[in-house]
Amino acid sequence: MRTARWSARRPRYTLAVVGAVLLVGVSLTACTGAPAEPPTSGTAPASSSAPEPSATPVRDPVLLPDGTASENLVYFNFLAAAVTKVNPSADGRAYIDALVAGGFDRTAMEVSFDRTQADLAADSIHFSVRFNGECLIGQIGPASDGFHSVVAPILSTGLCLVGSTRQIDW
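*Asks:* Help me out: how do you make sense of the overall build of the chain in this one?
*Replies:* If you tally the helices and strands in the chain, you get 3 helices and 4 strands. Across the chain, every contact between residues at least 6 apart in sequence was considered, and the portion connecting residues at least 24 apart equals 45%. Accessible surface for the chain amounts to roughly 12,300 Å². Of this, 60% is attributable to carbon and sulfur atoms.

Following this line, the structure appears as structure tokens:
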């Protein structure tokens, strides 16, 4: 009999608990609102007559020939971003040409094919530069969700990219 009474009261008890939880939740939400802005006094703050220091212009990254691949990753990314900005659907040659123009060694580069064997546009293009014992590798294309780059060790083949690559003969 005790169980029957408890079963009859359970919906009211559950409703009371849910109501209490909601009340506490709403109360806590009200406490976490944005802080009120400080009151303003009707007068404007006094400005100093000294000029604000000018921000130093940010210099573009440069190739560090004696640096590590990691130290040159920012420059590698900078060059790739410039290509993408000019032409978001640029081919592999455009990235290689930009890297060469930026001072990287063409003979140390690899690039994947722009088209598949079925003559479809490749889902992504990979390009790399062997640099001071490591690889700077970039990837871009619709399947890669934007541009990505990494510094990786040189493979046992002496190359940076796995699979067949285009001959860079231009």
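*Asks:* When you look at the side chain of S128 in this model, what are you seeing that I'm missing?
*Replies:* Position of S128 among the secondary structure elements: in strand β2 (residues 125-131). Look past the residues within four positions of S128 in its chain and what remains in contact with it is A108, M109, E110, L136, I137, C160 and L161.

*Asks:* Explain the state of the cysteines to me, please; I cannot follow it from the model alone.
*Replies:* Disulfides are covalent bonds that link the sulfur atoms of two cysteine residues. Applying the stated rule across the entire model yields 1 disulfide. Put simply, C135 and C160 are joined by a disulfide, and their sulfur atoms are 2.0 Å apart. Measuring handedness by torsion sign, the sulfur bridge of C135 and C160 sits at about -85° and is left-handed. Here the residue C135 occupies a position in strand β3 (residues 134-140), and C160 occupies one in the segment after β4 (148-153), the gap between them amounting to 25 residues. Residue class for C135 comes out buried when judged on its relative accessible area of 0%.

*Asks:* What exactly am I supposed to notice about the packing of aromatic side chains here?
*Replies:* Aromatic rings in a pair are described by how distant their centres are and how their planes are angled relative to each other. Tallying each qualifying case throughout the model produces 7 aromatic pairs. Here a set of aromatic residues connected by ring pairs shows up, and it is made of Y75, F76, F78, Y95, F104, F127, F131 and F147.

*Asks:* Honestly, the pattern of salt bridges in this entry has me stumped. Any pointers?
*Replies:* Close approach of charged atoms allows side chains with opposite charge to pair. Considering all chains together, one arrives at 4 salt bridges under this definition. Two residues, R93 and D97, come together in a salt bridge whose shortest N-O distance is 3.5 Å. Highlighted residues: R93 and D97, both in helix α3 (residues 92-101), separated by 4 residues, approximately one helical turn. Across the pair R130 and E110 runs a salt bridge, and its minimum N-O distance is 3.4 Å. Note that R130 is positioned in strand β2 and E110 in strand β1 (residues 109-111), a separation of 20 residues in sequence. Looking at R130, the relative accessible area reads 25%, which means it is partly exposed. The class of E110 is buried, set by a relative accessible area of 4%.

*Asks:* What is the right way to read the side chain of E110 from this model?
*Replies:* At 3.4 Å, the side chain of E110 and the side chain of R130 are in polar contact. Setting aside its immediate chain neighbours within four residues, E110 contacts I96, H126, F127, S128, R130, L159, C160, L161, T165 and I168.

*Asks:* Is there a simple way to explain the nonpolar core in this structure?
*Replies:* Note that soluble globular proteins tend to have their nonpolar side chains buried in a common cluster. Counting 23 residues, the largest nonpolar core has F76, L99, F104, F127 and V129 as the members making the most contacts within it. Put simply, the parts of the chain that give this core at least two residues each are α2 (69-86), α3, β1, β2 and β3. The element contributing the most residues to this core is α2, with 7 residues. Excluding residues within four positions of it along the chain, F76 makes contact with L99, F104, F127, V129, L136, I137, G138, F147 and S149.

*Asks:* Help me understand the layout of surface pockets in this model?
*Replies:* Where empty space is left becomes clear once a probe the size of a water molecule has been rolled over the atoms. In this structure, the largest pocket spans a volume of roughly 220 Å³. Taken together, 13 residues form the lining of the largest pocket, with S89, A90, A122, I125 and P142 sitting closest to its centre. Partitioning the lining of the largest pocket into residue classes produces 7 nonpolar, 3 polar and 3 charged. In this structure, the second largest pocket spans a volume of roughly 190 Å³. A class-by-class count of the residues in the lining of the second largest pocket yields 2 nonpolar, 5 polar and 1 charged.

The rules behind the values
Residues numbered from 1 in each chain as written. Predicted model: local features only at pLDDT ≥ 70, side-chain atom pairs only at ≥ 80, totals over all residues. Heavy atoms only, no water. Helix = DSSP H or I, 4+ residues; strand = E, 2+ residues; numbered from the N terminus. Contact = heavy atoms within 4.5 Å. Areas by Shrake-Rupley, 256 points an atom, 1.4 Å probe, with all protein chains shown as cover. Disulfide = S-S within 2.5 Å. Buried < 20%, exposed > 50% of the residue type's maximum accessible area, 1.4 Å probe, protein only. Phe/Tyr/Trp six-rings, centres within 6.5 Å; stacked < 30°, edge-to-face > 60°. Salt bridge = Lys/Arg side-chain N within 4 Å of Asp/Glu carboxyl O. Polar contact = N/O pair within 3.5 Å; in protein donor to acceptor, adjacent residues only side chain to side chain. Core = buried A, V, L, I, M, F, W, Y, C linked by side-chain atoms within 4.5 Å. 1 Å grid on protein atoms, 1.4 Å probe; cavity = no way out; pocket = protein on both sides within 12 Å on 5 of 7 lines; lining within 4 Å. Points joined across faces, edges and corners; volume = space filled by probe spheres on them. Nonpolar A, V, L, I, M, F, W, Y, C, P; charged D, E, K, R; others polar.

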